[in-house]
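Overview (structure and organization)
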Amino acid sequence: MAPAGDNVVVSKMKLERMLSMKGGRGEASYVNNSQAQAQHARSMLHLLRETLDGVRLQTPPDFPFVVADLGCSCGSNTIYMVDVIIQHMTKRYEAAGCDPPEFSAFFSDLPSNDFNTLFQLLPPYGGVSMEECLASNSHRSYFAAGVPGSFYYRLFPAKSVDVFYSAFSLHWLSQVPDVVLDKRSTAYNRGRIFIHGASESTANAYKKQFQSDLAGFLRSRSKEMKSGGSMFLVCLGRTCSDPTDQGGAGFLFGTHFQDAWDDLVQEGLITSEKRDNFNIPIYAPSLEDFKEVVEADGSFIVNKLEVFRGGSPLVVNHPDDAAEIGRVLANSCRSVSGVLVDAHIGDQLSDELFSRVAMRATSRAKELLEQLQFFHIVASLSLA
């Protein structure tokens, strides 16, 4: 008989306090399972540099040039991207015949983020001059600080940030919509842990939550950005207009991951109610979903807004090794959702769940490599 469990619905405040990528440096940690994010981010560097070319230079540079990565997580990807931004802006100042300003970088994520691991990866500030810092691979050329908090609210003083960067974070909702967990609602997501393939009512509830969250994000950034600043945003997206088809995110969380939850129910390890009270708080928007919010807010000029094909989220050394593919997919799922799963069903059952994800993915390895593709919404925005 399955344990009854407490079936506690995670509130918005509780989600903000517990949601994070899996910390540390273990096998399923984000540090060791974010190679795909690194590849996808680097494939968009030309778009990022276009955005940076539109940032107004401070001449003379009386104040620090401030960069903020929102949703930085705990791996080395954020450090690499901040380096790219600062090096590009330094070259722009030099090309304009100006001495570069001092740079400050803020790494921001929810309070539950593993900032300790992130800061252990951060090189020390060093070098007498900016030139020495930039020439050294072992030192950083900027002052660094962590900012805990939700980016759906204010994080910085007014008019204090030159460049906002956020990649692979805005598809995370501030909460699972209440109606999705309400048995009395037509949007109740019975039998599912994600909206891929769910009812229209469920998908619309997720869409409404995403657009409300994005509106809060834009309102906050419009107050915090300096005049002449810019923002570069990347989040999971989809090419289909139907929100119940979540594209690559649906493939990742709506197939083998979903089936593994069903296995636990069928084997009597958890109740169906326990499964139904767990929903992944992710929404992959369409271009139109995103555009509607930006236009309704009215604070930003859209310099670029497009769907970008990122590629597979699976980075494997041996494409013919089905077991490796299954293990990589399970670790990829666990690195981003494991903290929530652990909190919902405990570590032991979480181990059982992800071992079943690995087994199911191993049996469909060839299909996964061929069909699992991520698309991203890429937005370059500046103040209107």
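Residues numbered from 1 in each chain as written. Predicted model: local features only at pLDDT ≥ 70, side-chain atom pairs only at ≥ 80, totals over all residues. Heavy atoms only, no water.

**Some remarks on the overall build of the protein**
Quick reminder of the rule: Numbering of helices and strands starts at the N terminus; helices are DSSP runs of H or I of at least 4 residues and strands are runs of E of at least 2. Partly exposed describes any residue whose relative accessible area lies between the buried limit of under 20% and the exposed limit of over 50%, with all areas from a 1.4 Å probe on protein chains only and scaled to the type maximum. When checking whether two residues touch, look at their non-hydrogen atoms; a contact exists if any pair is within 4.5 Å. Here the Shrake-Rupley method, with its probe set to 1.4 Å, supplies the accessible areas, and only the displayed protein chains count as covering residues.
What the protein contains, in helices and strands, is 13 helices and 7 strands. For the protein, buried positions account for 57% of its 384 residues. Within the protein, contacts between residues at least 6 apart in sequence are counted, and of these 82% link residues at least 24 apart. Carbon and sulfur atoms form 50% of the exposed surface of the protein, whose accessible area is close to 16000 Å².

**Here we look at helix 4 (residues 77-95)**
Defined as follows: Expected span, for any helix, means 1.5 Å times one less than how many residues it has.
Compared with an ideal rise of 1.5 Å per residue, which puts 19 residues at 27 Å, helix 4 spans 27 Å between its outermost C-alpha atoms and is within 8% of the ideal. G97 sits one or two positions beyond helix 4 and adopts a positive phi of about 75 degrees.

**A word on the sheet that holds strand 4 (residues 161-167)**
Stated precisely, the cut-off is as follows: A pair of strands is labelled paired if DSSP reports no fewer than 2 bridges between them. For helices, the fitted axis covers only the stretch in contact; all axes are lines through C-alpha atoms, and the angles between them, taken along N-to-C directions, range from 0 to 180 degrees.
Taken together, the 7 strands give an open sheet; going across it, the order is 3-2-1-4-5-7-6, and neighbouring strands pair in mixed fashion. Of all strands in the sheet, those bounded by a partner on one side alone are strand 3 (143-148) and strand 6 (300-311). When strand polarity is set aside, the average angle formed by the axes of neighbouring strands in this sheet is 15 degrees. Pairing between strand 6 and strand 7 (residues 374-383): 10 bridges, direction antiparallel. Across the sheet, the residue bridging to V307 is I377, located in strand 7. Contacts between helix 10 (residues 287-297) and the sheet are confined to strand 5 (225-237), strand 6 and strand 7, with strand 6 contributing the most and set at about 165 degrees to the helix.

**Description of the packing of aromatic side chains**
This is how the line gets drawn: Planes of paired rings set the category: under 30 degrees apart is stacked, over 60 is edge-to-face and the rest tilted, where pairs are Phe, Tyr or Trp rings (Trp by its six-membered ring) whose centres lie within 6.5 Å. For a ring to carry a charge above it, either NZ of a lysine or CZ of an arginine must fall within 6 Å of the ring centroid while also lying within 35 degrees of the normal to the ring plane.
Under the defined criterion, the tally for this structure stands at 15 aromatic pairs. By way of ring pairs, the aromatic residues F194, F253, F257, W261, F278 and F354 are connected into one cluster. Over the aromatic face of F164 sits the side chain of R221, whose NZ or CZ is 5.5 Å from the ring centroid. One cation-aromatic arrangement involves R221 over F217; the distance from NZ or CZ to the ring centre is 4.9 Å.

**Considering the pattern of salt bridges**
How we decide: Any Lys or Arg side-chain nitrogen found within 4 Å of a carboxyl oxygen on Asp or Glu counts as a salt bridge.
By the definition in use, this model includes 19 salt bridges. Across the salt bridge formed by D289 and K207, the nearest N and O atoms sit 3.5 Å from each other. Of the two residues, D289 sits in helix 10 while K207 sits in helix 7 (residues 200-224), which places them 82 residues apart along the sequence. Taking the shortest distance from any N to any O, the salt bridge between E295 and K291 comes out at 4.0 Å. Taken as a pair, E295 and K291 lie in helix 10 at a separation of 4 residues, close to a single helical turn. Judged by its relative accessible area of 35%, K291 falls in the partly exposed class. A single network of salt bridges, built from pairs that share partners, joins E50, K304 and E306.

**A few points about the confidence of the model for the protein**
Short version of the rule: The quantity called pLDDT is the predictor's confidence in a given residue, expressed from 0 to 100.
Looking at the protein as a whole, its pLDDT mean stands at 86, while 87% of the residues score no less than 70. In this model residues 1-11 is a low-confidence stretch, pLDDT under 50, and it forms 19 contacts with partners more than four residues away in sequence or in other chains. Low confidence marks residues 128-135, where pLDDT is under 50. Its contacts with residues over four positions away, or in another chain, come to 14 contacts.

**Remarks on the side chain of Q175**
By secondary structure assignment, the location of Q175 is in the loop between strand 4 and helix 7. Relative accessible area serves as the criterion here: at 12%, Q175 is assigned to the buried category.

**As for the pairing of strand 4**
Basically, it comes down to this: The path from the first strand over the helix to the second decides the hand: if it runs clockwise while the strands point away from the viewer, the crossover is right-handed.
Counting buried positions along strand 4 gives 7 out of 7 residues, so the element sits mostly inside the fold. Looking at chain direction, strand 1 (residues 65-70) and strand 4 are connected through 3 bridges and run parallel. Looking across to strand 4, one finds that A68 is bridged to F164. Across 6 bridges, the pairing between strand 4 and strand 5 is parallel. Residue pairing across strands places F164 opposite M231, the latter belonging to strand 5. Handedness of the β-α-β unit built from strand 4, helix 7 and strand 5 comes out right-handed.

**Brief notes about the nonpolar core**
As a reminder of what qualifies: Working definition of a nonpolar core: buried Ala, Val, Leu, Ile, Met, Phe, Trp, Tyr and Cys residues. They are joined through side-chain atoms within 4.5 Å.
With 76 residues, the main nonpolar core has F217, L218, M231, F253, F257, W261 and F290 as its most contacted residues. Looking at this core element by element, the count peaks at 9 residues for helix 11 (residues 322-345). Those residues in contact with F257 that sit more than four places away from it in its chain are I193, L252, F278, I280, S337, V341, L353, F354 and V357. Formed by 34 residues, the second largest nonpolar core is a distinct cluster that contains M44, C72, F103 and V163.

**A look at the packing of helix 8 (residues 247-266) against helix 11**
Going by this rule: Roughly parallel means an angle under 35 degrees; roughly antiparallel means over 145; roughly perpendicular covers 65 to 115; every other angle is labelled oblique. For any helix crossing, the convention is left-handed if the near helix is rotated counterclockwise from the far helix by under a right angle, and right-handed if that rotation is clockwise. Put simply, Ala, Val, Leu, Ile, Met, Phe, Trp, Tyr, Cys and Pro go in the nonpolar bin, Asp, Glu, Lys and Arg in the charged bin, and everything else, Gly too, in the polar bin.
Interhelical geometry of helix 8 versus helix 11 gives an angle of 50 degrees and a closest axis separation of 12 Å. Taken as axis vectors, helix 8 and helix 11 run oblique relative to one another. Every pair of crossing elements has a handedness; the one defined by helix 8 and helix 11 is right-handed. Contacts from L252, F253, H256, F257, W261 and L264 in helix 8 reach L329, C333, V336, S337, V341, H344 and I345 in helix 11. A per-class count over the contact of helix 8 with helix 11 returns 10 nonpolar, 3 polar and no charged.

**Quick word on the packing of helix 11 against helix 12 (residues 347-363)**
Remark: helix 11 packs on helix 12, axes separated minimally by 8 Å, with the N-to-C direction vectors making an angle of 150 degrees. It follows from the interaxial angle that helix 11 and helix 12 lie roughly antiparallel. Judged by the twist between their axes, the crossing of helix 11 over helix 12 is right-handed. Counted by class, the contact of helix 11 with helix 12 contains 13 nonpolar, 5 polar and 5 charged residues.

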